[in-house]
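Summary of structural features
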Amino acid sequence: MGNTGMLYLVATPIGNLEDITLRALRVLREADIIAAEDTRQTLKLLNHFEIKNRLVSYYEHNKTEKGNYLIGQLMEGKDVALVSDAGSPGISDPGEELVGMAAEKGINVTMVPGPAAVIAGVVLSGLPSGRFGFEGFLPVNKRVRSKRIQAVKDDTRTLVFYEAPHKLIHTLKDLRSVLGNRRISLARELTKKFEEIWRTTLDEAIDKYEHETPKGEFVLVIEGADEEALERERISSWEELSLTEHVRFYMEEGLDKKAAMKKVSEDRKISKREVYNSLVEKKESSNKKDPAINTTGPHHRV
Ligand code: SAM
């Protein structure tokens with residue numbers, strides 16, 4: 001790999017300057033270059049800690065050109081510290097492309113961990129935090145946005161979104177219309193003096209912010225889909241099907257015949273043998289009218 005430099009992804013505070021690690025301060029001091037999303041913002045942080053170092057900008061609209069430059073510097077053996085405006089680089093902030101580019105060139109990459117609003121939002125939500133899905137900011141484009149929310153509708157994990165105050169009400173309404181009235185925790189001003197965690201429901205949040213202008217950036221943490229309700233829905237959706245239709249349903253979903261029959265036996269809480277026998281009986285009585293359910297094929301063993 002030669003003597004390439006190290007790319008450090010350095011997490012910085014999300015509102016409280018005390019939340020900087022000793023290692024972050026050392027790396028910011030010792031790196032050859034600090035690549036910052038907004039150099040003025042980072043300068044405030046550096047000034048506060050009396051750090052003087054070379055700053056270059058690296059943000060969404062110059063990331064290809066500046067990315068190539070930074071990779072060149074790393075290849076020459078320089079150490080680069082990447083910081084975003086707040087929190088962890090790469091989390092709804094520039095960083096992932098640079099890590100990808102560095103990895104491709106075999107450059108060492110490490111992280112100096114620290115704050116990330118998503119983690120604070122989840123652990124303070126009071127909602128299950130063992131499994132969660134981070135969705136970041138919803139896309140602006142209406143169609144893509146709607147698809148994105150639809151895609152997580154049946155996700156049973158806790159869901160996390162980022163949102164800016166001026167879009168909050170719009171996002172709460174869009175989420176409500178697809179996900180239903182779920183529990184939500186709205187975290188704002190995290191780590192700051194007026195930190196607020198409001199554990200409520202989507203309906204109540206909409207009601208409040210229809211009459212009040214929200215202040216500060218938000219982490220929205222929403223409970224996942226109800227596992228039991230989904231199971232009930234799944235059961236009621238196959239209850240109307242005949243056994244043959246039920247097997248065909250799974251085959252159309254992409255399962256092979258054996259797997260489809262296994263799913264049917266699980267759904268109906270009957271043995272695989274019973275499913276098989278019913279299909280054979282059905283097939284014999286229908287005189288091979290149903291080619292989709294060929295129970296005599298070479299792969300069939302139940
Ligand atoms: N990289 C950052 C991180 O690690 O959390 C996120 C950057 S993203 C551009 C900014 C969003 O993060 C905000 O719109 C908000 O959703 C969330 N956020 C950042 N700081 C926050 C804070 N102090 N309180 C609540 N949300 C915050």
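These figures come from a predicted structure and were not determined experimentally. (Residues numbered from 1 in each chain as written. Predicted model: local features only at pLDDT ≥ 70, side-chain atom pairs only at ≥ 80, totals over all residues. Heavy atoms only, no water.)

Quick notes on the overall build of the protein
Stated precisely, the cut-off is as follows: Note on conventions: DSSP H or I runs of at least 4 residues are helices, E runs of at least 2 residues are strands, and numbering of each starts at the N terminus. For this measure, only C-alpha atoms enter the radius of gyration; the expected value for a globule follows 2.2 Å times N^0.38, where N is the number of residues. With a 1.4 Å probe rolled over the protein chains alone, any residue whose accessible area is under 20% of its type maximum counts as buried; one over 50% counts as exposed, and the rest are partly exposed. Two residues form a contact once any of their heavy atoms are found within 4.5 Å. The protein chains shown are the only cover counted for residues, whose accessible areas, like all others here, come from Shrake-Rupley with a 1.4 Å probe.
If you tally the helices and strands in the protein, you get twelve helices and ten strands. For 302 residues, the compact-globule estimate of 2.2 N^0.38 gives 19 Å, and the C-alpha radius of gyration of the protein, at 27 Å, exceeds that figure by more than 25%. Out of the 302 residues in the protein, the part that is buried amounts to 41%. When contacts within the protein are restricted to residue pairs at least 6 apart in sequence, long-range pairs at least 24 apart make up 69% of them. Accessible surface for the protein amounts to roughly 17,100 Å². Of this, 49% is attributable to carbon and sulfur atoms.

A few points about the site of the ligand
The line we're drawing: In this text, near means that some heavy atom of the residue lies within 4 Å of the molecule or strand in question. Counted as a polar contact is a pair of N or O atoms within 3.5 Å, where, for protein atoms, one must be capable of donating a hydrogen and the other of accepting one, and residues adjacent in sequence contribute only when both atoms are in side chains. Side-chain classes are defined by residue name, with Ala, Val, Leu, Ile, Met, Phe, Trp, Tyr, Cys and Pro counting as nonpolar, Asp, Glu, Lys and Arg as charged, and the others, Gly among them, as polar.
Taken together, 19 residues are adjacent to the ligand, and Asp-93, Ala-117, Tyr-162, Glu-217 and Phe-218 come closest. With respect to the ligand, the backbone of Ser-88 contributes an N or O atom lying 2.8 Å from an oxygen atom. Contact with the protein chains covers 91% of the free accessible surface of the ligand, which is 580 Å². At the level of elements, β7 (158-163) and β10 (218-222) are the ones that each hand at least two residues to the shell around the ligand. By residue class, the composition of the shell around the ligand is eleven nonpolar, three polar and five charged.

Some points on the packing of aromatic side chains
Aromatic rings considered in pairs are described by the distance between their centres and by the relative angle of their planes. Here is the rule we go by: Two rings belonging to Phe, Tyr or Trp (six-membered ring only in the last case) form a pair when the distance between their centres is within 6.5 Å. Interplanar angles under 30 degrees mark stacking, angles over 60 mark edge-to-face geometry, and anything in between is tilted. The criterion is that NZ of a Lys, or CZ of an Arg, lies within 6 Å of the ring centre and within 35 degrees of the ring normal, and then a charge sits over that ring.
Across all of its chains, the model carries five aromatic pairs by this definition. Considering the side-chain rings of Phe-134 and Tyr-162, the 5.0 Å spacing of their centres and the 70° angle between planes classify their relative orientation as edge-to-face. Of the two residues, Phe-134 is situated in strand β6 (residues 132-136) and Tyr-162 in strand β7; the sequence distance between them amounts to 28 residues. For Tyr-162, a relative accessible area of 10% translates into the label buried. Aromatic pair Phe-137 and Tyr-162: ring centres 5.7 Å apart, planes at 65°, arrangement edge-to-face. Linking Phe-137 in the loop between β6 and α6 (142-152) with Tyr-162 in strand β7, this pair joins segments that are 25 residues apart in sequence. On the basis of relative accessibility, which here comes to 39%, the residue Phe-137 falls in the partly exposed class. Following the ring pairs from residue to residue traces out a cluster consisting of Phe-134, Phe-137 and Tyr-162. In this structure, Lys-208 is placed above the aromatic ring of Trp-198, and the distance from its NZ or CZ to the ring centre is 5.0 Å.

Things to note about the packing of helix α10 (residues 243-252) against helix α12 (residues 272-285)
Two numbers describe a pair of packed helices, the interaxial angle and the distance between the axes. Heads up, the condition is: Axis geometry follows a simple rule: fit a line to the C-alpha atoms, using only the stretch in contact for helices, then measure angles between N-to-C directions, giving values from 0 to 180 degrees. For this classification, under 35 degrees means roughly parallel, over 145 means roughly antiparallel, 65 to 115 means roughly perpendicular, and everything else is oblique. In this scheme the handedness of a crossing depends on how the near helix is turned from the far one: anticlockwise by less than a right angle means left-handed, clockwise means right-handed.
The interhelical angle for the contact between α10 and α12, taken along N-to-C directions, is 110°, at an axis separation of 10 Å. Relative to α12, α10 is oriented roughly perpendicular. In the packing of α10 onto α12, the handedness of the crossing is left-handed. Note on element contacts: α12 touches α10 through Val-275, Ser-278, Leu-279 and Lys-282, opposite Leu-243, Thr-244 and Val-247. Taken together, the residues of the contact of α10 with α12 sort by class into four nonpolar, two polar and one charged.

Considerations on the side chain of Arg-188
Along the chain, Arg-188 falls in strand β8 (residues 183-188). Residues in contact with Arg-188, not counting those within four places in the same chain, are Phe-194, Glu-195, Glu-196, Tyr-209, Lys-215, Glu-217 and Phe-218.

Some thoughts on the domain arrangement of the protein
Just so we agree on the cut-off: Segment limits for the domains were obtained from an automatic or database-derived domain assignment. The quantity reported as buried area is the accessible area (1.4 Å probe) lost by two parts once they are put together, taken as the sum for both.
Along its sequence, the protein is organised into domain 1 (6-115), domain 2 (118-225) and domain 3 (228-282). For domain 1 and domain 2, the distance between their C-alpha centroids amounts to 28 Å. On the domain 2 side, the residues contacting the six residues of domain 1 number eight residues. Summing both partners gives a buried area of about 500 Å² for domain 1 against domain 2, and 63% of it is carried by carbon and sulfur.

Examining the side chain of Gln-73
Tracing the backbone through its elements, the reader meets Gln-73 in helix α3 (residues 63-75). In contact with Gln-73, other than residues within four places in its own chain, are Ile-33, Arg-54 and Lys-78.

Points about the sheet that holds β8
In plain terms, the rule: Note on pairing: two strands pair once DSSP finds at least 2 bridges between them.
Taken in spatial order, the five strands line up as β6-β7-β10-β8-β9 in an open sheet, and their pairing is mixed. Each edge of the sheet is formed by a strand with only one pairing partner; in this case those strands are β6 and β9 (196-201). Along the sheet, successive strands turn relative to each other by an average axial angle of 20°, direction set aside. Examined bridge by bridge, β7 and β10 share five bridges and lie antiparallel to one another. In the sheet register, Val-160 faces β10, and the bridge partner there is Val-221. Contacts from helix α5 (residues 117-125) reach β6, β7, β8, β9 and β10, with the element oriented near 45° to β10. In this fold helix α8 (residues 202-211) packs onto β8, β9 and β10, with an angle of close to 120° to the strand it touches most, β9.

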